[in-house]
Amino acid sequence: MNSERRPLDRTDLALLAALAKNARASNKELAALVGLAPSSCLERVRRLVRDGVIRGFSAEIDRSALGFELEAMMAVRLRQHTRDHFEAFRRYAAELPEVLAVYHMAGENDFLLHILARDAQHLRDLAIDRFISREEVGHIETSLVFEHLRGRGASFESADRRNDA
């Protein structure tokens, strides 16, 4: 995050909202949506990337096409709360191909992992072989995800009001 970035204005927020809906929108489409010349729009998007406001562009992939039929959330509690255990587990979990996201949490659990598995046996094997067996891990709790809907994303309207204050 760039601590010296300038505040986002309404046009920046409109660009972010448009890209959150469709990261593949062309520069020409984006420019028309926000009322800018294509060259100005391109420069704004490049600045948002350079400043770290836009961290990347991604594709939403049908996971079942890759052979993953189950999604789960796994809550992980560390055995001891040391920096070494925290860093070791964080690095380890982020590198596993079945882990979509690693969330460091406050509260009873230390981490929440979003996991993909081919089937129930694969999920069981992950839990036993990849997590419970880890020296840092004291406890896990796994919940199946029945449905995953994508939300609207950040509230660009509330960010706009914040910048007007």
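Below is a short write-up of the structure. (Residues numbered from 1 in each chain as written. Predicted model: local features only at pLDDT ≥ 70, side-chain atom pairs only at ≥ 80, totals over all residues. Heavy atoms only, no water.)

1. Quick word on the overall build of the chain
Here's step 1: Along the chain, the regular secondary structure elements total 6 helices and 4 strands.
Here's step 2: Of the regular secondary structure in the chain, the N- to C-terminal order runs α-α-α-β-α-β-β-α-β-α.
Here's step 3: Burial statistics for the chain: of 165 residues in total, 32% are counted as buried.
Here's step 4: Long-range pairs, those at least 24 residues apart, make up 67% of the contacts in the chain between residues at least 6 apart in sequence. (Helix = DSSP H or I, 4+ residues; strand = E, 2+ residues; numbered from the N terminus. Buried < 20%, exposed > 50% of the residue type's maximum accessible area, 1.4 Å probe, protein only. Contact = heavy atoms within 4.5 Å.)

2. Focus on the packing of helix α1 (residues 10-21) against helix α2 (residues 27-34)
Here's step 1: At a minimum axis distance of 10 Å, the contact between α1 and α2 shows a crossing angle of 130°. Between α1 and α2, the angle falls in the class oblique. Handedness of the crossing formed by α1 with α2: right-handed. Counted together, Thr11, Ala14, Leu15, Ala18 and Leu19 of α1 and Leu30, Leu33 and Val34 of α2 form the full contact between these two elements.
Here's step 2: Residues belonging to the contact of α1 with α2 are distributed by class as follows: 7 nonpolar, 1 polar and no charged. (Axes fitted to C-alpha atoms, helices over the stretch in contact; angles between N-to-C directions. Parallel < 35°, antiparallel > 145°, perpendicular 65-115°, else oblique. Left-handed = near helix turned anticlockwise from the far one by under 90°. Nonpolar A, V, L, I, M, F, W, Y, C, P; charged D, E, K, R; others polar.)

3. A look at the pattern of salt bridges
Any two side chains of opposite charge can pair, on the condition that their charged atoms come close.
Here's step 1: If you walk through the whole model with that rule in mind, you get 12 salt bridges.
Here's step 2: When the shortest N-O distance is used, the salt bridge between Arg47 and Asp12 registers 3.1 Å. Pair noted here: Arg47 is in helix α3 (residues 38-50) and Asp12 is in helix α1, with a separation of 35 residues, a long-range link.
Here's step 3: One network of salt bridges, in which partners are shared, links Arg6, Asp9, Asp12, Arg44 and Arg47. (Salt bridge = Lys/Arg side-chain N within 4 Å of Asp/Glu carboxyl O.)

4. Let's talk about the packing of α2 against α3
Here's step 1: One can describe the packing of α2 onto α3 by two numbers: an axis separation of 9 Å at closest approach and a directional angle of 100°. Viewed along their axes, α2 and α3 adopt a mutual orientation that is roughly perpendicular. Of the residues in α3, those touching α2 at Asn27, Leu30 and Ala31 are Pro38, Cys41, Leu42 and Val45.
Here's step 2: Residue composition of the contact of α2 with α3, by class: 6 nonpolar, 1 polar and no charged.

5. A few points about the sheet that holds strand β3 (residues 111-117)
Here's step 1: Reading across the sheet, the 4 strands line up as β2-β3-β1-β4 and stay open at both edges, with antiparallel pairing between neighbours. Looking at which strands have only one partner, the edges of the open sheet turn out to be β2 (99-104) and β4 (137-145). For this sheet the average axis-to-axis angle between neighbouring strands, irrespective of direction, equals 20°.
Here's step 2: As paired strands, strand β1 (residues 70-78) and β4 are joined by 8 bridges and run antiparallel to one another. Across the sheet, Leu78 pairs through a bridge with Val137, a residue of β4.
Here's step 3: In the packing of helix α4 (residues 83-95) onto the sheet, the strands contacted are β1, β2, β3 and β4, and the crossing angle to β3 comes to about 20°. (Pairing = 2+ DSSP bridges.)

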